[in-house]
Amino acid sequence: MPELHELSITEATGLLSGREISSRELTQAIIERIAAVEPRVRAYLALTTERALAQADAADARIAAGERGPLLGVPVAIKDVLCTEGVATTCGSKMLQNFVPPYDATVVSRLFGAGAVMVGKTNMDEFAMGSSTENSAYHPTHNPWDLMRVPGGSSGGSAAAVAAGEAIFALGSDTGGSIRQPAALCGVVGMKPTYGRVSRYGLVAFASSLDQVGPFTRTVRDTATVLNAICGHDACDSTSAPLDVPDFTADLDKGVKGLRIGVPKEYMPASLDAGVRARVDEALAALEAQGALIDRDVALPSTEAALAVYYIIAPSEASANLARYDGVKYGFSYQQGEGMWDNMEKTRGRGFGSEVKRRIMIGTYALSSGYYDAYYLKAQKVRTVIRREFDAAFVKYDALVAPVTPTTAFKIGEKTADPFEMYLNDVFTLPVNIAGLPGLSVPAGFVDGLPVGLQVVGKPFDEATVLRVAHAYEQSAGWSSSRPPL
Amino acid sequence: MKLDREVVTHISKLARVELTDAEIETFSEQLTEIIGHFDALNAVNTDGVEPTAQALTLRNVMAADTSRPSLPRDQVLALAPSTDDGYLRVRAVLE
């Protein structure tokens, strides 16, 4: 049997339901694991140990009273972009260093209602802007597979925590790949549901038309289990979809026989790392061997423009969303200036880090008089073209499969000097946000000891098929039992 | 197109973000490079194409016109650096 901190959600709830372990024992095992590896990994910004033990005791009381639940008593790590009542929510920024929200995000209250136990808040790129977690205002996080390398980002802390056994599962947020990319680089499962599937209430806003909350887990089945708990309409988020939520675990074992799977050729360019290409090819062969009908010649011709679309739309929305940090209502406030405007400019100049300022500048420029039509409006039109290309593909295919990232994890410090080089990390993930589709990263083996992720993308609100394809591959590949040598 | 120091300074004023001299220099170079890549958009023909603001098909979501409790005012104001008699306090806007 694996050690307690290595359990999947399914294994943990099996033991909890059978009263073989208590939630307190499981939570204590996670706390001990954190004490052992956190000085090297640094996945967390804050630990909530006392509160976790109290939540664990409450879960044990519910179990003793006869209640059973798929997350009851299971330790979770929460990305520090999600509001937690009474627990500081910094967003990885000095701007929110002392911000203690007076309410829980909807996803957080749903997890607490289901009896999950929060062990801490995880590190992230400031305001979720970045692909390496190096933009955290506090400290970098280290990839558990190679401590000299980044875990990816922006949800790098959540991905590293699950990979390192510092949580049984975690929540992150994905605006252009911020769940899938770190999941791929850390060798865990990560999913961005369809835009509108999960409430954004209490998610600190970055780019509101692209942001979506999702899970990090060790298995695809666990991802389905967490989705069951967090998906669904929320009156507090007017962009949350008023649709019924299916049981995402129901179709997991149906297999891929006869499923039509497309591979967009723009996602397998000549520049793709040879090792990553080999792992993706092997995964495709595995799916084919199980009866999937693979077409390796799908065309999504506007993919090349997606990076530009994203880096106009996301910073434009960010420049508007981050206008709220004015030093007046909450957060860091510079008070010694010459007047109100000077205070505001100094608050924002000193409270935000470089990447956040860079994106506010890009967005402000793209929205400014004289450039709006050439940049923002043009990007929104190309966004329509990209969506239509996906729509057309999904007439012919049940799912699309591609790499998650062009390379495996890079070294800490390797790409910090060149922002555009860093942006290229998200080239295979951000088109999925532009189109609002569900996308998942499942471990697909290793190159030189570093994990590779396979991306599965589905039709809007068809998470079930994405999970089914990923589960079928995972079962045949067996990577889910791999653990980093910490 | 080159975003020179003057343009960067103008944008920082619009965004209400104070930049240091060194930041203005760095951003001038970096933003020029990044915005240069936006030319990729011109390769896509968008004649007659409607813009997409968000991927959902929802339109004009209305909330029922009923009252419900909000967060307690004192709890929210406690987060602010300066308050006065139930209000947020700022320096004079017009001086």
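What you see is a predicted model, and the numbers here were worked out from it, not measured in a lab.

Undergrad: What am I meant to see in the overall build of chain A here?
TA: For chain A, the count of helices and strands is 15 helices and 11 strands. Expressed along its principal axes, the backbone C-alpha trace of chain A runs to roughly 65 × 55 × 45 Å. When each of the 486 residues of chain A is scored for burial, the buried share is 63%. In chain A, of all internal contacts separated by at least 6 residues, the share reaching a separation of at least 24 is 76%.

Undergrad: I keep staring at the nonpolar core and nothing clicks. Help me out?
TA: Nonpolar side chains tend toward joint burial in soluble globular proteins. Residue and element names in this part refer to chain A. One finds Val-76, Ala-167, Val-309, Ile-312, Ala-399, Val-456 and Val-469 to be the most contacted residues of the largest nonpolar core, which totals 166 residues. With 11 residues, helix α9 (residues 303-321) is the single largest residue contributor to this core. Aside from chain neighbours lying at most four places away, what touches Ala-167 is Ile-30, Pro-75, Val-76, Ala-77, Val-119, Ala-161 and Val-162.

Undergrad: Before we go on, may I ask you to explain the interface of chain B and chain A in this structure?
TA: It is common to give the size of an interface as the accessible area that goes away when the parts come together. Contacts between the two partners involve 42 residues from chain B and, on the opposite side, 54 residues from chain A. Those elements that place two or more of their residues in the side of chain B that touches chain A are α1 (5-14), α2 (21-36) and α3 (73-77) of chain B. For the side of chain B that touches chain A, the element with the most residues is α2(B), which contributes five residues. Looking at side-chain class alone, the side of chain B that touches chain A contains 29 nonpolar, seven polar and six charged residues.

Undergrad: Please clarify how unusual backbone geometry should be interpreted in this entry.
TA: The phi torsion of most residues other than glycine is negative, and most of the peptide bonds are trans. Of note, the bond from Gly153(A) into Ser154(A) is cis; its omega dihedral lies within 30 degrees of zero at 10 degrees. Inspection of the secondary structure puts Ser154(A) in the loop between β3 (117-122) and α5 (156-163). A positive phi is found at Asn60(B), a non-glycine position, where the angle reads about 45 degrees.

Undergrad: What is the right way to look at α5(A) in this model?
TA: Since the α-helix advances by 3.6 residues per turn, residues separated by three or four positions end up pointing in the same direction. All names here are of chain A. Counting buried positions over the eight residues of α5 gives eight, a clear majority of the element. Listed in full, the buried residues belonging to α5 are Gly-156, Gly-157, Ser-158, Ala-159, Ala-160, Ala-161, Val-162 and Ala-163. Just downstream of α5 lies Gly-165, where phi reads positive at about 80 degrees.

Undergrad: I tried to follow the sheet that holds β3(A) on my own but got confused; where do I start?
TA: All names here are of chain A. Read from one edge to the other, the open sheet built from 11 strands follows the order β1-β3-β2-β4-β6-β5-β10-β11-β9-β7-β8, with strand pairing classed as mixed. The open sheet is flanked by β1 (44-47) and β8 (293-298), the only strands paired with a single partner. Looking at each pair of strands side by side, their axes are set apart by 30 degrees on average, direction ignored. Sheet topology note: the strand β5 (residues 189-192)/strand β10 (residues 439-447) ladder contains three bridges and is antiparallel. Bridge pairing in β10 places Met-191 opposite Leu-440.

Undergrad: Please clarify how the packing of helix α8 (residues 274-289) of chain A against helix α15 (residues 463-477) of chain A should be interpreted in this entry.
TA: Between two packed helices, the angle of one axis relative to the other and the distance separating the axes together describe the packing. Residue and element names in this part refer to chain A. Two numbers describe how α8 lies on α15: the axes approach to 10 Å, and their chain directions differ by 100 degrees. The angle between α8 and α15 places the two elements in the roughly perpendicular class. Contact with α8, carried on its side by Ala-283, Ala-286 and Leu-287, involves Ala-472, Tyr-473, Ser-476 and Ala-477 of α15 and no other residues of that element. In the contact of α8 with α15, the residues fall into six nonpolar, one polar and no charged.

Undergrad: Just to check I follow, could you spell out the confidence of the model for chain B for this structure?
TA: Reading fine detail from the predicted coordinates is not recommended where pLDDT is low. Residue and element names in this part refer to chain B. Mean pLDDT over chain B: 93, with 99% of residues reaching 70 or higher. Confidence, expressed as mean pLDDT per element, reaches its minimum in chain B at α3 with 94 and its maximum at α1 with 97. Two numbers describe this predicted complex: its pTM, 0.97, and its ipTM, 0.96.

Undergrad: I tried to follow the pairing of strand β9 (residues 399-403) of chain A on my own but got confused; where do I start?
TA: All names here are of chain A. With five of its five residues buried, β9 lies for the most part within the structure. With two bridges joining them, strand β7 (residues 260-264) and β9 adopt parallel strand pairing. Looking at the pairing, Ile-261 lines up with Ala-399 of β9. With five bridges joining them, β9 and strand β11 (residues 450-458) adopt antiparallel strand pairing. Of the residues in β11, the one forming a bridge with Ala-399 is Gly-458.

Undergrad: Where do I start with the packing of helix α11 (residues 354-367) of chain A against α2(B) in this structure?
TA: In contact at an axis separation of 11 Å, α11(A) and α2(B) are set at 55 degrees when each is read in the N-to-C sense. The angle between α11(A) and α2(B) places the two elements in the oblique class. The chirality of how α11(A) crosses α2(B) is right-handed. Along the contact surface, α11(A) presents Arg358(A), Met361(A) and Ile362(A), while α2(B) presents Phe27(B), Gln30(B), Leu31(B) and Ile34(B).

Undergrad: How do you make sense of the environment of Ala417(A) when you look at a structure like this?
TA: All names here are of chain A. Of note, Ala-417 is situated in the loop between β9 and α13 (419-423). By C-beta crowding, Ala-417 is classed as exposed, having 9 other C-beta atoms within 10 Å. Sequence-wise, Ala-417 and Arg-350 are 67 residues apart; in three dimensions their C-alpha atoms are separated by 20 Å.

Basis of the calculations
- Residues numbered from 1 in each chain as written.
- Chains lettered and ligands numbered in written order.
- Predicted model: local features only at pLDDT ≥ 70, side-chain atom pairs only at ≥ 80, totals over all residues.
- Helix = DSSP H or I, 4+ residues; strand = E, 2+ residues; numbered from the N terminus.
- Buried ≥ 20, exposed ≤ 12 C-beta atoms within 10 Å, placed from the backbone.
- Contact = placed C-beta atoms within 7 Å.
- Core = buried A, V, L, I, M, F, W, Y, C linked by C-beta atoms within 7 Å.
- Nonpolar A, V, L, I, M, F, W, Y, C, P; charged D, E, K, R; others polar.
- Pairing = 2+ DSSP bridges.
- Axes fitted to C-alpha atoms, helices over the stretch in contact; angles between N-to-C directions.
- Parallel < 35°, antiparallel > 145°, perpendicular 65-115°, else oblique.
- pLDDT = per-residue confidence, 0-100.
- Left-handed = near helix turned anticlockwise from the far one by under 90°.

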